[in-house]
Amino acid sequence: MTLITEMRTLLTVITEAAVEELLVRDLDKLGVHAYTVSDARGRGSRGVRDATWKEVGNIRIEIICSRPLAEAALLHIQTRYFDNYAMVAYLHDVEILRPEKF
Amino acid sequence: MTLITEMRTLLTVITEAAVEELLVRDLDKLGVHAYTVSDARGRGSRGVRDATWKEVGNIRIEIICSRPLAEAALLHIQTRYFDNYAMVAYLHDVEILRPEKF
Amino acid sequence: MTLITEMRTLLTVITEAAVEELLVRDLDKLGVHAYTVSDARGRGSRGVRDATWKEVGNIRIEIICSRPLAEAALLHIQTRYFDNYAMVAYLHDVEILRPEKF
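Please read these numbers as outputs of a predicted model, since none were measured by experiment.

(A) The arrangement of the nonpolar core in detail. Residues and elements named next belong to chain B. Leu11, Val13, Leu23, Ile61 and Ile63 are the most contacted members of the largest nonpolar core, which totals 26 residues. Top element by residues in this core is helix H2 (residues 67-80). It accounts for 6 residues. Residues in contact with Leu23, not counting those within four places in the same chain, are Val13, Ile61, Ile77 and Tyr81.

Here's what the structure looks like:
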């Protein structure tokens, strides 16, 4: 038995927990019907001189899909969410099995 | 001092929490003796018309190892688990230090 | 509207929860002012014959930044932490939007 993998795109979105339901409904309309979500904390400082760190409750949403769908989702996120929510989103390629599932 | 990295493969498995012990025992036999596990939630919809979302308790298992070992592990997972458990597995390359550890 | 992405480097550090504050202060001095942290468990066995598994409370710290900054951070981590703490660190490229933020 040999291992035959195919490439898909992993889209990761790290954002405020409050955005989850809204974002997921939008993604569903674009064709993203399954994802993994986990809890995270976002932290940032105002630079070395200001030792104050803010910590906020975040979620990480991960979606494996085709490159075109990942781009459509990211474009939508950029247009709809980036101005109003704390959000980081990034893409990279992964190798998967069972390509018909993604 | 310069930074000399080497490539290894990161294998990520997202699956039902109940599978952890079984899977880890199998991976250990294949030669995977260390891994990181974290909690996640898997969600999926039945499409836009049916607004019902299922949410299930998942775990994410991450293993950094050589490409051949990652492929052997993935092949085993495919053969042994894919038919009976909700499971997503994917590979991608990462750069690491201290290659003797992986 | 088109999607124009740029490459950045994702640095992931998995280590003991107790190191977080120390590490973050060091990273801040190097120029890393924002990151995501999540909880994880590290597990390892002593090999197939010894069925005893150790499980430890870990954190995963993720930083998206330029390649030079990721290398500087990884080099610092290697020099300062690898001998004294249980720590795994790895790099890989990701595509991001809003490059001015990273």
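That covers the picture; the talk isn't over yet.
(B) Molecular detail of unusual backbone geometry. All names here are of chain B. Phi is positive for Arg98, close to 50°, though the residue is something other than glycine. You can see Arg98 is positioned in the segment after strand E4 (87-96). Here Arg98 falls in the buried class, since its relative accessible area comes to 18%.

(C) Structural context of the pattern of salt bridges. According to the stated counting rule, one finds 27 salt bridges over all chains in the structure shown. Ionic pairing is found between Arg41 of chain A and Asp39 of chain C, a salt bridge with its closest N-O pair at 3.5 Å. Taken together, the residues span two chains, with Arg41 of chain A in strand E2 (residues 34-45) and Asp39 of chain C in strand E2 (residues 34-45). For Asp39 of chain C, a relative accessible area of 52% translates into the label exposed. Across the salt bridge formed by Arg8 of chain B and Glu6 of chain B, the nearest N and O atoms sit 3.5 Å from each other. It is possible to trace a salt-bridge network through shared partners that takes in Glu20, Glu21 and Asp39 of chain A together with Arg41 and Arg43 of chain B.

(D) Quick look at the interface of chain A and chain B. The interface is formed by 27 residues belonging to chain A together with 25 residues belonging to chain B. Where chain A abuts chain B, roughly 2300 Å² becomes buried across the two surfaces, and 55% of that area is made up of carbon and sulfur atoms. Of all residues in chain A, the largest losses of buried area upon contact with chain B belong to Leu3, Glu95 and Arg98 of chain A, amounting jointly to 24% of the total for that side. Counting across the chain A and chain B interface gives 6 salt bridges. A salt bridge links Glu21 of chain A to Arg43 of chain B; the nearest nitrogen and oxygen atoms lie 3.0 Å apart. Put simply, chain A and chain B have 9 residue pairs in polar contact (both at pLDDT 80 or more) between them. Looking at the side of chain A that touches chain B, the elements with two or more residues in it are helix H1 (20-30), E2, strand E3 (53-65) and strand E4 (87-96) of chain A.

(E) Representation of the pairing of strand E1 (residues 6-16) of chain C within the structure. All names here are of chain C. The element E1 is extensively covered by neighbouring structure, given that 8 of its 11 residues are classed as buried. The pairing of E1 with strand E4 (residues 87-96) spans 10 bridges and is classified as antiparallel. Residue pairing across strands places Val13 opposite Ala89, the latter belonging to E4.

(F) Focus on the relation of the copies chain A and chain C. The transform that puts chain A on chain C rotates by 120° and translates by 0.0 Å along the axis, for an RMSD of 0.0 Å. Taken together, the rotation angle and the small translation identify this as a three-fold axis. The two copies present different faces, since only 12% of the interface residues in chain A are matched by interface residues at the equivalent positions in chain C.

(G) Region of the structure containing the packing of aromatic side chains. Applying the stated criterion across every chain, the model contains 3 aromatic pairs over all chains. Ring centres 5.6 Å apart and planes at 45° place the aromatic pair Tyr81 of chain A and Tyr85 of chain A in the tilted group. Here the basic side chain of Arg98 of chain A rests over the ring of Phe82 of chain B, its NZ or CZ set 3.6 Å away from the ring centre.

(H) Representation of the interface of chain A and chain C in the model. Taken together, the contact between chain A and chain C spans 25 residues of the former and 28 residues of the latter. Between chain A and chain C, the buried area comes to about 2300 Å², and carbon and sulfur atoms account for 55% of it. At the junction of chain A with chain C, the criterion picks out 6 salt bridges. Put simply, Glu95 of chain C and Arg67 of chain A hold a salt bridge, and the shortest N to O gap is 2.7 Å. Looking at the side of chain A that touches chain C, the elements that each hand over two or more residues are E2, E3, helix H2 (67-80) and E4 of chain A. Sorting elements by how many residues they give to the side of chain A that touches chain C places E2 of chain A first, with 7 residues. Class assignment for the residues of the side of chain A that touches chain C results in 12 nonpolar, 7 polar and 6 charged. Pairing of E4 of chain A with E4 of chain C involves 2 bridges; the strand directions are antiparallel. Bridged to Tyr90 of chain A within E4 of chain C is Ile96 of chain C.

(I) Inspection of the packing of H1 of chain A against H2 of chain A at higher detail. All names here are of chain A. For the pair H1 and H2, the least separation of the axes is 10 Å and the interaxial angle reads 140°. With respect to each other, H1 and H2 are oriented oblique. Here H1 runs over H2; the crossing is right-handed. For the pair H1 and H2, the contacting residues are Leu23, Asp26, Leu27 and Leu30 in the first and Leu69, Ala72, Ala73, His76, Ile77 and Arg80 in the second. Across the contact of H1 with H2, the residue classes tally to 7 nonpolar, 1 polar and 2 charged.

What counts as what
Residues numbered from 1 in each chain as written. Chains lettered and ligands numbered in written order. Predicted model: local features only at pLDDT ≥ 70, side-chain atom pairs only at ≥ 80, totals over all residues. Heavy atoms only, no water. Core = buried A, V, L, I, M, F, W, Y, C linked by side-chain atoms within 4.5 Å. Buried < 20%, exposed > 50% of the residue type's maximum accessible area, 1.4 Å probe, protein only. Helix = DSSP H or I, 4+ residues; strand = E, 2+ residues; numbered from the N terminus. Contact = heavy atoms within 4.5 Å. Salt bridge = Lys/Arg side-chain N within 4 Å of Asp/Glu carboxyl O. Buried area = accessible area lost by both parts, 1.4 Å probe. Polar contact = N/O pair within 3.5 Å; in protein donor to acceptor, adjacent residues only side chain to side chain. Pairing = 2+ DSSP bridges. Least-squares fit on C-alpha atoms with pLDDT ≥ 70 in both. Phe/Tyr/Trp six-rings, centres within 6.5 Å; stacked < 30°, edge-to-face > 60°. Lys NZ or Arg CZ within 6 Å of the ring centre and 35° of its normal. Nonpolar A, V, L, I, M, F, W, Y, C, P; charged D, E, K, R; others polar. Axes fitted to C-alpha atoms, helices over the stretch in contact; angles between N-to-C directions. Parallel < 35°, antiparallel > 145°, perpendicular 65-115°, else oblique. Left-handed = near helix turned anticlockwise from the far one by under 90°.

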